[in-house]
Amino acid sequence: MKAVNRRSFIKSSLIGGGGLMLSFSWVSALASVEKAEILNVEDTLQRLNAYIKITSTGKIHILNPNPEFGQNVMTSLPMIIAEELGANWKDVSVDMAPFDPKSYVKGSASQFTGGSRSVAMWWKPLREAGAAARIMLSTAAAKEWGVDPSSIQIKGGFITNGSKKAHLGEFAAKAASVPVPTEVKLKDLKEFDIVRKSQTNSKGWDIVSGKPLFGLDYSEPGMYVAMIQHPPAFGMELKSYDASQTLKMPGIKEVFEIELYPDGFEMGGFDTRTFNKALVVVGKTTWEVMNARKKLKVQWEPMKDRKDVVAGWGGKSEVLFPAGLESTAMHRKRMLEMGEKPAKVLRRDGNPEKVFAEAAKVIERTYTAPFLAHNSMEPLNFFAKVNEDGLFLAGPLQAPQFVQNTLVKRLGIPAEKIEIKMTRMGGGFGRRAYSQYVIEAALIAQKAKVPIKLVYSREDDMTYGIYRPMYTATYRAALDKDNKLIGFHVKGGGIPEHPIAQNRFPAGAVDNYLAEGWEIPSNITIGAFRAPRSNFNAAAEQSFLDEVAEAMGKDPIDFRLELLQRAKTNPVGKNNDYDPDRYAGVLKLVREKSGWDKAENKGKNRGVAAYFCHASYAAHVVDMILKDGEPYVEKVTSALDCGIVVNPESAKNMVQGAVVDGIGNALYGALTLKEGAPQQTNFNAYRIIRHHEAPKEIDVHFVQNDIDPTGLGEPPFPPVFGAVANALYKTTGKRYYHQPFGSDEEII
């Protein structure tokens with residue numbers, strides 16, 4: 001069997017003996033491949049995985065292009081292609097696609113899971129791929145039956161024309177010789193019989209039966225385990241070490257130092273180096289390596305100021321990582337000082353300074369939130385093997401394309417010699433987009449000259465960064481003598497980034513509006529955390545809007561709807577990034593489904609919040625009680641507008657997960673630092689929500705429309721914080737301004 005090159009890969013990805021294989025990049029993949037070459041693929045077929053394969057018996061195999069970490073794209077994305085193909089979902093099996101950007105990039109769609117973009121970016125390309133296969137099958141059947149292709153129907157896995165009927169597999173081989181159409185007609189949304197109907201998780205049985213799906217499950221013969229000893233505090237770095245006792249421990253192969261990136265290395269948008277130099281212990285088993293690592297004698301020293309050049313999304317920038325051992329108490333002091341200083345104006349409408357100076361009443365409140373750790377249930381890990389053939393990697397990650405680019409630069413291995421196998425992720429929430437652990441694994445394998453699996457302990461995972469930034473924001477509302485809202489001002493900052501989204505609601509709904517932001521450089525490494533920045537903004541903004549509504553004597557939902565009506569009929573400014581109708585739609589739906597206006601619910605301790613992010617709209621009503629003297633969220637009613645819902649039951653589960661996650665982070669989540677060292681190193685100290693603290697009921701509803709799918713993994717999360725804060729006020733009679741809300745004390 002001969003080696004596979006790019007040309008043979010394209011050919012064999014399109015056609016297979018007795019079946020049809022069709023690339024998701026079906027137009028571009030065929031552009032330079034001659035028809036005669038396509039047919040001669042028998043010698044390479046068994047070396048490759050198909051994108052869409054229809055066997056002669058009518059079974060359909062679909063490879064899901066995007067990494068899976070619980071959002072169920074392993075079901076929803078294949079559903080899209082099966083819908084357009086006309087398949088019977090019961091005939092479909094699904095597997096994870098290999099990482100291959102040249103085959104799995106179609107326009108803006110790529111093998112990236114993040115930003116709640118998977119379904120949105122693949123919606124059209126996968127529909128087109130399925131439709132193209134359907135047309136090819138129709139053409140082949142029409143030729144065989146001597147009828148017009150337009151008279152052919154494909155539905156439920158069968159091709160029909162009058163009295164003639166055949167399953168898809170009967171024409172798969174012949175369809176392979178049909179030219180791939182350059183234009184396709186997609187199905188009418190009314191014809192859908194797979195999409196918009198709940199389908200069971202394609203990997204559900206594998207998950208519950210313990211099949212090896214996750215990165216921690218992956219192993220190869222001769223594999224060693226590697227663990228890293230990093231500095232005990234941010235602001236420290238490796239000076240020297242003595243590994244003599246470690247090397248005497250059972251099963252230990254070697255100990256050495258690695259440098260993640262050399263000085264002057266230009267980093268990509270998802271590159272980070274929390275600790276650039278670290279010790280590595282390599283041994284036979286995780287237990288042996290963990291015990292041996294304790295025997296290391298290490299001297300650490302303070303790091304110097306460092307500036308990294310990052311080629312991020314807005315071009316190249318220089319990021320400062322200042323020297324010093326930082327603490328949460330110091331952070332709070334500096335944030336208070338910065339809050340009193342002039343900040344960068346992000347947006348100004350009207351004359352806010354004037355109306356605040358002349359206002360009959362000004363309401364001002366300050367909100368804070370601590371660092372948060374991602375704490376995915378599966379700690380970071382990755383397998384790496386370097387040999388004469390190149391670099392092979394396997395493990396859980398969100399952004400393989402970005403890490404491949406960094407691997408090429410850092411290890412000097414060409415992209416075509418780097419193979420990445422994407423395993424299922426045991427959670428991600430943004431953390432696994434920052435793939436320094438993949439670079440570490442590759443460097444260790446290269447130096448150790450053996451296959452290795454890098455494993456982080458829970459303590460490593462929690463103390464290595466990266467974190468949700470520490471934030472604060474001060475909100476001000478100006479009311480006139482008639483108690484009308486005439487001015488709105490938000491000034492926010494953070495360590496090391498500010499959270500303000502200046503063009504979001506209520507921007508556009510108030511004549512005089514001012515948004516400002518400031519930042520404090522830090523050596524604490526931060527990154528995307530489920531709905532970045534929005535998770536704090538929604539908590540502060542939605543809490544504040546409730547307090548303003550109360551001061552104005554208005555119902556909190558009515559108040560929001562009035563503002564949204566203003567933004568619709570007579571908007572202020574031109575850069576408002578939300579649709580007032582869709583925003584109002586989720587508020588109206590949650591009001592209806594929660595029975596907000598019903599007399600029997602007036603005595604309940606209820607909080608409401610709504611927010612827009614990742615192109616979608618979410619609203620929640622939280623019902624809270626005191627249980628053994630502690631606040632307990634008994635029920636949540638949720639309303640979402642994310643366009644077409646591909647898999648309703650899966651979407652419902654995703655919202656429920658976001659709600660539980662939001663309640664836990666709002667009431668308990670906090671990571672603090674002292675002299676650069678995280679004070680919470682495992683779940684015994686880092687509080688997360690417990691099973692008995694989850695709501696008894698989470699009632700989820702979706703706005704029904706025909707808008708192309710938008711985000712869903714992240715949008716339900718942010719407004720949970722605000723709804724919890726507002727429900728706490730109704731339950732306790734006290735406003736809460738500082739997360740976690742459980743103590744309402746600023747983290748110091």
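Residue indices follow the written sequence of each chain, beginning from 1 at its first position. Whole-chain, interface and lining totals are the exception, using all residues; otherwise, since this is a predicted model, local features are given only for residues with pLDDT of at least 70 and side-chain atom pairs are given and counted only at 80 or more. Hydrogens are left out, water is left out, and the side-chain values use all remaining heavy atoms of the structure.

Below, the discussion takes up the overall build of the protein. Segments assigned H or I by DSSP are reported as helices when at least four residues long, segments assigned E as strands when at least two residues long, and all are numbered from the N terminus. Broken down by element type, the protein carries 19 helices and 33 strands. Over its C-alpha trace the protein gives a radius of gyration of 28 Å, about what one expects of a compact globule, namely 27 Å for 748 residues. Considering only contacts within the protein whose residues lie at least 6 apart along the sequence, 77% involve residues at least 24 apart. Exposure was quantified through the Shrake-Rupley algorithm and a 1.4 Å probe, taking into account, for residues, occlusion by the shown protein chains and nothing else. Roughly 30300 Å² of accessible area belongs to the protein as shown, and the carbon and sulfur atoms make up 49% of that amount. Radius of gyration means the value over C-alpha atoms here, while the globule rule gives 2.2 Å times the residue count to the 0.38 power. What makes two residues a contact is simply this: any of their non-hydrogen atoms within 4.5 Å.

To continue, consider empty space enclosed by the protein. Each cavity reported here is a set of points on a 1 Å grid over the protein atoms alone in which a 1.4 Å probe fits but cannot get out, each pocket an open set with protein on both sides within 12 Å along at least five of seven lines, and each lining residue one with an atom within 4 Å of a point. Grid points are joined across faces, edges and corners, and a volume is the space filled by probe spheres set on the points. Tallying each qualifying case throughout the model produces 4 cavities of 30 Å³ or more. By volume, the largest cavity amounts to about 100 Å³. Throughout, the ten residues Ala, Val, Leu, Ile, Met, Phe, Trp, Tyr, Cys and Pro are labelled nonpolar, Asp, Glu, Lys and Arg are labelled charged, and all others, Gly among them, are labelled polar. Residues that form the lining of the largest cavity fall into these classes: 9 nonpolar, 2 polar and 2 charged. The space that makes up the second largest cavity amounts to roughly 70 Å³. If you trace the second largest cavity, you find it lined by Ala373, His374, Asn375, Ser376, Glu378, Leu380, Arg431, Arg432, Asp461, Met462, Gly465 and Ile466. Residues of the lining of the second largest cavity, tallied by class, amount to 4 nonpolar, 4 polar and 4 charged.

To continue, consider the nonpolar core. The set of buried Ala, Val, Leu, Ile, Met, Phe, Trp, Tyr and Cys residues whose side-chain atoms join them within 4.5 Å is what this entry labels a nonpolar core. Burial classes follow relative accessibility: with a 1.4 Å probe on protein chains only, a residue under 20% of its type's maximum area counts as buried, one over 50% as exposed, and anything between as partly exposed. Among the nonpolar cores identified, the biggest contains 94 residues, and Leu393, Ile444 and Val724 are the most heavily contacted of them. With 9 residues, the single largest contributor to this core is helix 13 (residues 436–448).

Further remarks concern helix 19 (residues 718–732). With 15 residues, helix 19 should cover 21 Å at 1.5 Å per step; its first-to-last C-alpha distance of 22 Å lies within 8% of that length. Buried residues dominate helix 19, accounting for 13 of its 15 residues. Under the convention used throughout, the expected extent of a helix is 1.5 Å for every residue step, that is, one less than its residue count.

Looking now at the packing of aromatic side chains. Put simply, two rings from Phe, Tyr or Trp (the six-membered ring, in Trp's case) pair if the centres are within 6.5 Å, and we call them stacked under 30 degrees between planes, edge-to-face over 60, tilted for the rest. According to the stated counting rule, one finds 30 aromatic pairs in the structure shown. For the ring pair Phe488 and Tyr513, a centre distance of 6.1 Å and an interplane angle of 5 degrees mean the geometry is stacked. Note that Phe488 is positioned in strand 26 (residues 485–495) and Tyr513 in strand 27 (residues 512–519), a separation of 25 residues in sequence. Residue Phe488 shares its accessibility class with Tyr513, and that shared class is buried. Note on Phe717 and Phe721: the rings are 5.1 Å apart at their centroids and 90 degrees apart in plane angle, and the pair reads as edge-to-face. In terms of burial, Phe717 and Phe721 fall into one category: buried. Among the aromatic residues, ring-to-ring pairing joins Phe234, Phe275, Phe371, Tyr456, Tyr464 and Tyr467 into one connected group.

Here a strand pair is declared whenever DSSP counts at least two bridges between the two strands. If you trace the 4 strands from one edge of the open sheet to the other, you get 28-29-30-33, paired in mixed fashion. Edge positions in the open sheet fall to strand 28 (605–613) and strand 33 (697–702), since each of these has one partner strand only. Within the sheet, the average angular offset between the axes of one strand and its neighbour, ignoring direction, is 20 degrees. The pairing of strand 28 with strand 29 (residues 616–627) spans 9 bridges and is antiparallel. Bridging from a neighbouring strand, Ala610 pairs with Ala619 of strand 29. In this analysis, axes come from line fits to C-alpha atoms, helices being fitted only over the stretch in contact, and the angle between any two N-to-C directions falls in the range 0 to 180 degrees.

The next point concerns helix 10 (residues 328–339). Across its 12 residues, helix 10 extends 16 Å between first and last C-alpha, which sits within 8% of the 16 Å expected from 1.5 Å per residue. Buried within helix 10 we find Thr328, His331, Arg332 and Met335. Seen along its axis, helix 10 keeps its buried residues to an arc of 95 degrees; they face one direction. Buried residues in helix 10 make contact with strand 18 (361–369), strand 25 (470–479), strand 26, strand 27 and strand 31 (673–674). The arc refers to the directions leading from the helix axis to the C-beta atoms.

Okay, the environment of Ile707 next. Positionally, Ile707 belongs in the loop between strand 33 and helix 19. For Ile707, a relative accessible area of 33% translates into the label partly exposed. Ile707 sits 367 residues away from Glu340 along the chain, and the two C-alpha atoms are 44 Å apart. Those residues within four positions of Ile707 in sequence are excluded, and the remaining contacts are Arg582, Gly643 and Ile644.

As for its position among the elements, Thr463 is in helix 14 (residues 458–463). Under this definition, polar contacts are N or O atom pairs within 3.5 Å; protein pairs additionally need one hydrogen-donor-capable and one acceptor-capable atom, and for neighbouring residues in sequence, both atoms have to be side-chain atoms. Here His230 takes part through its side chain, which lies 3.2 Å from a polar atom of the side chain of Thr463. Excluding residues within four positions of it along the chain, Thr463 makes contact with His230, Phe234, Phe275, Pro678, Gln680 and Thr681.

Take the side chain of Asp460 next. Mapping Asp460 onto the fold places it in helix 14. You can call Asp460 buried: its relative accessible area is 8%.

It is worth spelling out the confidence of the model for the protein at this point. Residues of the protein with pLDDT of at least 70 account for 92%, and the chain-wide mean is 91. Think of pLDDT as the predictor's per-residue confidence, scored from 0 to 100. Within the model, the stretch residues 23–50 combines pLDDT values under 50 with 74 contacts to residues more than four positions away or in other chains.

Their axes nearest at 8 Å, the elements helix 18 (residues 648–667) and helix 19 cross at an angle of 55 degrees. Of the possible angle classes, the one that applies to helix 18 and helix 19 is oblique. The interaxial crossing formed by helix 18 with helix 19 has right-handed handedness. Residue-level inspection shows Ala658, Val659, Gly662, Ile663, Asn665, Ala666 and Leu667 of helix 18 in contact with helix 19, the latter providing Val720, Phe721, Val724 and Leu728. Split by residue class, the contact of helix 18 with helix 19 holds 9 nonpolar, 2 polar and no charged. Note that the term roughly parallel is reserved for angles under 35 degrees, roughly antiparallel for angles over 145, roughly perpendicular for angles of 65 to 115, and oblique for everything else. The sense of a crossing depends on the near helix, which, turned anticlockwise from the far helix by less than a right angle, makes the crossing left-handed and, turned clockwise, makes it right-handed.

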